[in-house]
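Listed below, chain by chain, are the residues.
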Amino acid sequence: MNTAGHSEATAPRGLELTPFRGLRYDPDRVGSLAAVTSPPYDVVVRPDGVHHLQDADPHNIVRLILPQAGTVGARTEQAADTLRRWLAEGVLTADPEPALYVYEQRHSDGMLQRGLIGTLRVSDPAEGIVLPHEDVMPHVVADRAALMRATSANLEPLLLTYHGNGSAAEVVERTAQRPPLLATITEDGYHHRLWSVTDPDDLAHVQADLAHHQALIADGHHRWATYRRLRAEHPSPSPWDLGLVLLVDTARYPLRVRAIHRLLHGLPVADALAAVRDHFRVRPLDVPLPDALEALADAACESNAFLLAGDGAFHLIDRPDPDLLARTVPADRPAAWRTLDATVLHATLLDHIWRIPEDDPARIAYIHDTAATVRKAERHGSTAVLMHPVREAVVRDLARLGVTMPRKSTSFGPKPASGLVLRALDI
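The present account deals with the structure reproduced in this document.

So, how was this worked out
Residues numbered from 1 in each chain as written. Predicted model: local features only at pLDDT ≥ 70, side-chain atom pairs only at ≥ 80, totals over all residues. Heavy atoms only, no water. Phe/Tyr/Trp six-rings, centres within 6.5 Å; stacked < 30°, edge-to-face > 60°. Helix = DSSP H or I, 4+ residues; strand = E, 2+ residues; numbered from the N terminus. Buried < 20%, exposed > 50% of the residue type's maximum accessible area, 1.4 Å probe, protein only. Lys NZ or Arg CZ within 6 Å of the ring centre and 35° of its normal. Pairing = 2+ DSSP bridges. Axes fitted to C-alpha atoms, helices over the stretch in contact; angles between N-to-C directions. Parallel < 35°, antiparallel > 145°, perpendicular 65-115°, else oblique. Contact = heavy atoms within 4.5 Å. Nonpolar A, V, L, I, M, F, W, Y, C, P; charged D, E, K, R; others polar. 1 Å grid on protein atoms, 1.4 Å probe; cavity = no way out; pocket = protein on both sides within 12 Å on 5 of 7 lines; lining within 4 Å. Points joined across faces, edges and corners; volume = space filled by probe spheres on them.

This part is about the packing of aromatic side chains. For any two aromatic rings, the description comes down to two numbers: the centre-to-centre distance and the angle of the planes. If you walk through the whole model with that rule in mind, you get three aromatic pairs. For the pair Trp-224 and Tyr-227, a centre-to-centre distance of 6.0 Å together with 70° between the ring planes defines the contact as edge-to-face. Taken together, the residues Trp-224 and Tyr-227, both in helix 9 (residues 221-233) and three residues apart, mark about one turn of the helix. In this pair, the class of Trp-224 matches that of Tyr-227, namely buried. Across from the ring centre of Tyr-41, 3.9 Å away, lies the NZ or CZ of Arg-144, which sits over that ring. When the ring centre of Trp-337 is taken as origin, the NZ or CZ atom of Arg-333, which lies over that ring, is 4.4 Å away.

Right, dumping it as C-alpha cells:
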C-alpha cells in the first residue's frame with residue numbers, strides 16, 4: 001500500500017500497458033493466416049457469417065469466439081476443448097518472450113492505422129483512466145465472462161484510443177520500419193502486419209509515456225465490463241488484473257466512426273410506420289441505398305432522423321414532435337445526450353412507441369453492416385432501422401463527463417482482426 005502523503009496516495013494512475021507472451025497461429029499448421037481470422041465476435045453476422053468463417057479454415061478463430069452449441073455451458077466447454085486441442089497440436093503457439101505488439105491495418109482507400117497490443121491494467125470508470133461511452137447488456141457480459149472463464153484466455157483485443165503523439169508513438173513508427181512477424185490480407189481488403197517490441201528501452205519509453213494518458217473505449221464495452229467482472233472474481237494479484245487491448249493514438253491515426261443499425265424482429269415495416277406517423281415526419285424514398293443514406297445524413301443535420309427498411313423501399317422519418325421528446329427522453333442528462341439519435345431511438349421509439357426491449361435478442365439485433373441489415377429485414381419481414389453515425393468529439397466529450405450513451409451507439413474502426421494474437425492467462 002502507498003503510505004505517502006494523501007495527495008500522492010489518491011493521485012490517479014494513467015494507462016499501464018504491459019508485455020505478454022502472445023499466442024499466435026503457426027503458419028505451417030493452417031491454410032493461411034487470413035483464413036483463420038475473423039471480425040470481432042459482435043460484428044460477425046449470424047448465422048451466415050459464422051458458417052462462412054467456419055468453412056474458410058477448420059482452425060478459424062470464430063470456433064473460439066463464437067462456438068456453436070445449444071447452451072452457454074456447451075458453447076464454453078466446446079471453445080475450451082478446441083483451444084486445448086489447438087495448443088496440444090501446435091496450431092497455436094506462444095511467443096518465446098513477453099512483448100508488446102505493433103499492429104498495422106492498411107487499406108487501398110487510404111486508411112492506415114497503427115497501434116499497440118498489450119495487456120492493460122483493468123480499472124473502474126471512477127478512476128478516470130479508461131472511459132466507457134456506452135451502456136452494456138448484462139446477458140452479453142455474462143456470455144463473454146463464461147467464455148473467458150472456460151478458456152482462461154483473452155481471445156481478441158478490444159479497441160481503445162488515446163491522444164498522445166509522444167514517445168510511445170515514436171516506438172510504434174520506428175518498429176513499423178522493420179520486417180514484420182506476420183503479414184496477411186483479409187477478404188475485406190485490409191492488409192495486416194504485426195511486429196513484437198521486446199527491447200527494454202522501447203518498453204520503458206512506451207510505459208512512461210502512457211502513464212500520463214487516459215483512454216476511450218472505442219470498441220469492446222462488453223469485453224471491458226467482462227474484464228472488470230472477472231478481475232473482481234479473482235483475488236489480486238492475478239492474471240485477471242489485466243486485459244488484452246489494442247491501443248491506438250488518434251493524434252496520429254484518427255479512427256472512423258460508423259453507426260450500428262437495429263433489426264426489429266417480428267415488426268413489419270407497415271406497422272412500424274403506422275405507429276410513428278402522428279409523431280414524426282415520414283417520407284418514402286424511391287432511391288438506392290447509397291442515396292437513401294445521403295438523404296439520412298442531410299436530415300440528421302437538422303433533427304433526429306432514421307431510415308426504416310425491410311419492405312423493398314426506404315422510409316425517412318425525422319422531425320420528431322418536441323412534446324413527445326419532452327415526455328419520453330430523460331431530462332437529467334446533458335443536452336448533447338438528450339439529442340442523440342440513439343437516445344431518441346431507445347427512449348422514444350423502442351420504449352414508448354414500438355414497445356421493444358432493447359436487450360431482448362428475440363426482438364432486436366444490432367448489426368454493423370448496412371446492406372446486411374436491410375437484406376435480413378427483407379428476408380424475414382422485419383424492420384431495419386438505419387442510423388447516422390455520431391461524431392467522435394461528441395462521444396469523447398460525453399465520456400469525460402461520465403455520461404454513457406445508449407448501448408451500441410457507435411462503431412469505431414477499423415476494428416482489429418481477431419486471430420492474429422491471443423492471450424492465454426496461464427502462459
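This part covers the pairing of strand 12 (residues 242-249). Most of strand 12 is tucked away, with seven of its eight residues classed as buried. Two elements, strand 8 (residues 158-162) and strand 12, share five bridges in a ladder whose sense is parallel. Bridge pairing in strand 12 places Leu-160 opposite Leu-247.

On to the packing of helix 10 (residues 269-276) against helix 14 (residues 341-354). Running from N to C, helix 10 and helix 14 cross one another at 95°; their axes reach a closest spacing of 11 Å. Classified by the angle their axes make, helix 10 and helix 14 are roughly perpendicular. Residues Ala-272, Ala-275 and Val-276 of helix 10 form the contact with helix 14, whose participating residues are Leu-349, Ile-353 and Trp-354. Grouping the amino acids of the contact of helix 10 with helix 14 by side-chain chemistry returns six nonpolar, no polar and no charged.

Here we take up empty space enclosed by the protein. Under the criterion given, the structure shown has three cavities of 30 Å³ or more. If you trace the largest cavity, you find 14 residues lining it, with Glu-134, Asp-219, Gly-220, His-221 and Lys-408 closest to the centre. Counting only elements with at least two residues in the lining of the largest cavity, the list comes to strand 11 (215-219) and helix 9. In terms of residue count, helix 9 provides more of the lining of the largest cavity than any other element does, three residues in total. Residue composition of the lining of the largest cavity, grouped by class: three nonpolar, six polar and five charged.

With that settled, the discussion passes to the pairing of strand 8. A large share of strand 8 lies buried, amounting to five of its five residues. Residues Leu-158, Leu-160 and Tyr-162 of strand 8 are buried on one face, and the alternating residues Leu-159 and Thr-161, pointing to the opposite face, are buried as well.

Okay, the layout of surface pockets next. Space inside the largest pocket adds up to approximately 1400 Å³. Lining the largest pocket are 44 residues, with Pro-39, Val-43, Asp-188, His-368 and Asp-369 sitting closest to its centre. Those elements giving two or more residues to the lining of the largest pocket turn out to be helix 2 (33-36), helix 3 (48-56), helix 11 (289-300), helix 15 (370-380) and strand 20 (411-413).

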